[in-house]
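Architecture at a glance
Here is what each chain is made of, one letter per residue.
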Amino acid sequence: MPYLCTLMGHKKLIKFQAIDTYKNVLQYPENIKGNWNTFFKNDHPLTLELACGKGEYSVNLGRQHKDRNFVGVDIKGNRIYNGAKTAITEGLDNVAFLRIHIGQITNYFAPGEVGEIWIIFPDPFLKKGKDKNRLTHSRFLHAYQQILKPGSRINLKTDSLELYTFTLETIEEQGCIIHENIADIYGKGLATGPLAIQTFYEKMHLAEGRTIYFVSFSLPQSEITMPERFQKNEMITGEND
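In what follows, the accompanying structure is described. (Residues numbered from 1 in each chain as written. Predicted model: local features only at pLDDT ≥ 70, side-chain atom pairs only at ≥ 80, totals over all residues. Heavy atoms only, no water.)

Okay, the packing of aromatic side chains next. Ring pairs (aromatic) are described by centroid distance and by the angle formed between their planes. Overall, the coordinates contain 10 aromatic pairs when judged by the stated rule. An angle of 85° between the planes, with centres 5.1 Å apart, marks the rings of F39 and F40 as edge-to-face. Following the ring pairs from residue to residue traces out a cluster consisting of W36, F39, F40 and F109. The ring of F200 is capped by K54, whose NZ or CZ atom sits 4.7 Å from the centre of that ring. Just above the ring of F166 sits the side chain of R134; from NZ or CZ to the centre is 4.7 Å. (Phe/Tyr/Trp six-rings, centres within 6.5 Å; stacked < 30°, edge-to-face > 60°. Lys NZ or Arg CZ within 6 Å of the ring centre and 35° of its normal.)

Taken together, F200, Y201 and M204 make up a surface patch of nonpolar side chains, about 280 Å² in accessible area. Structurally, the position occupied by Y201 is in helix α7 (residues 200-207). On the accessibility criterion, Y201 (41% relative accessible area) is partly exposed. (Patch = residues over 30% accessible without salt bridge, like charges linked within 9 Å, V, L, I, M, F, W, Y side chains within 5 Å. Areas by Shrake-Rupley, 256 points an atom, 1.4 Å probe, with all protein chains shown as cover. Salt bridge = Lys/Arg side-chain N within 4 Å of Asp/Glu carboxyl O. Helix = DSSP H or I, 4+ residues; strand = E, 2+ residues; numbered from the N terminus. Buried < 20%, exposed > 50% of the residue type's maximum accessible area, 1.4 Å probe, protein only.)

This brings us to a positive patch on the surface. Together, K12, K54, K76 and R79 make up a region of like positive charge exposed at the surface. Within the secondary structure layout, R79 lies in helix α4 (residues 77-89). (Lys, Arg positive; Asp, Glu negative; His and termini not counted. Charge placed at Lys NZ, Arg CZ, Asp CG, Glu CD.)

One open sheet accounts for 8 strands, arranged β1-β4-β3-β2-β5-β6-β8-β7; its pairing is mixed. This sheet does not close on itself; its edge strands, each paired only once, are β1 (25-27) and β7 (177-182). Neighbour to neighbour, the strand axes of the sheet diverge by 20° on average, direction disregarded. Sheet topology places β7 next to strand β8 (residues 213-218); 5 bridges connect them, and they run antiparallel. If you follow I182 over to β8, its bridge partner there is F214. (Pairing = 2+ DSSP bridges. Axes fitted to C-alpha atoms, helices over the stretch in contact; angles between N-to-C directions.)

Here we take up the pairing of strand β4 (residues 95-99). The buried fraction of β4 amounts to 5 of the 5 residues, a majority that puts the element mostly inside the structure. Judged by which residues are buried, β4 turns out to be covered on both faces: V95, F97 and R99 on one side and A96 and L98 on the other are all buried. Relative to β4, strand β3 (residues 69-74) runs parallel, the two sharing 5 bridges. Bridging across to β4, V73 finds its partner in L98. Regarding topology, α4 serves as the crossover connection from β3 to the parallel β4, and that connection is right-handed. (Right-handed = clockwise from strand over helix to strand, strands pointing away.)

Now for the nonpolar core. Counting 40 residues, the largest nonpolar core has L48, L50, F109 and Y144 as the members making the most contacts within it. Sequence-distant contacts of L48, that is, excluding residues within four places in its chain, are made with V71, I105, F109, V114, E116, I117, W118 and I147. (Core = buried A, V, L, I, M, F, W, Y, C linked by side-chain atoms within 4.5 Å. Contact = heavy atoms within 4.5 Å.)

Quick look at the pattern of salt bridges now. Using the criterion set out here, one finds 5 salt bridges in the structure. Residue R153 pairs with E180 through a salt bridge whose shortest N-O separation is 3.6 Å. Of this pair, R153 sits in strand β6 (residues 148-158) while E180 is found in strand β7, placing the two residues 27 residues apart along the sequence. A residue is classified by how much of its surface remains accessible, and R153, at 32% relative accessible area, is partly exposed. Its salt-bridge partner being K157, residue E202 comes within 2.9 Å of it at the nearest N-O pair. With E202 in helix α7 and K157 in strand β6, the pair connects residues that are 45 residues apart, well separated along the chain.

Now for unusual backbone geometry. In the Ramachandran plot, N31 falls in the positive-phi region, its phi being about 60° despite a non-glycine side chain. Position of N31 relative to the elements: it lies in the loop between β1 and α2 (36-40). Positive phi, normally seen in glycine, also occurs at K41, with a value near 65°. Along the polypeptide, K41 turns up in the loop between α2 and β2 (46-50).

So far we have only geometry, and geometry alone does not tell us how the molecule works.
As structure tokens, then:
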């Protein structure tokens, strides 16, 4: 076991060293806020994949939509390595990765700079008292509202009924507009376009017979209501980010 742990640690170190040299990976960058079009060298709309893991959705969306820019956001550099390497190998200049805590997202994107958000199989945080770390919690929605163009969509794809239900309750409370609400993507034959993209974890979930849920919504024009204990501009640093 010690040897195995050492080997795994060595592999992580190699990946961290690699992303230090990747031009499509930004780690806590300075002066990027409001300058993403300069980074991508075009004025295409910007889409984020939050808690992107290996970046499979960012890469696949980049393949499908060359007229958009995509940024996968995650704190775990050894995971980002996979998507970043694929994007470089395939010459996907419209795909990049940002290594930060998601709770700090407003430090890296200007108001109205983002045109869409995807949240793909995030940690549902099922333990008691951990719901505040869910990426569709109102405190996160409040942050997204500060960087999204009005009317932009937030898309959640999950195998967690608890997270799906929680999200529906939250967006109803906040007066969000639901564009799509699919309680069983595959059972209803609606896994087409972006919804047909399958991550490593989704393939595992499907093999286990789990139901996949999807909801697409946009935030209201009025300000998202934050729970009182989060109204003092506290930094969000949940385990998921």
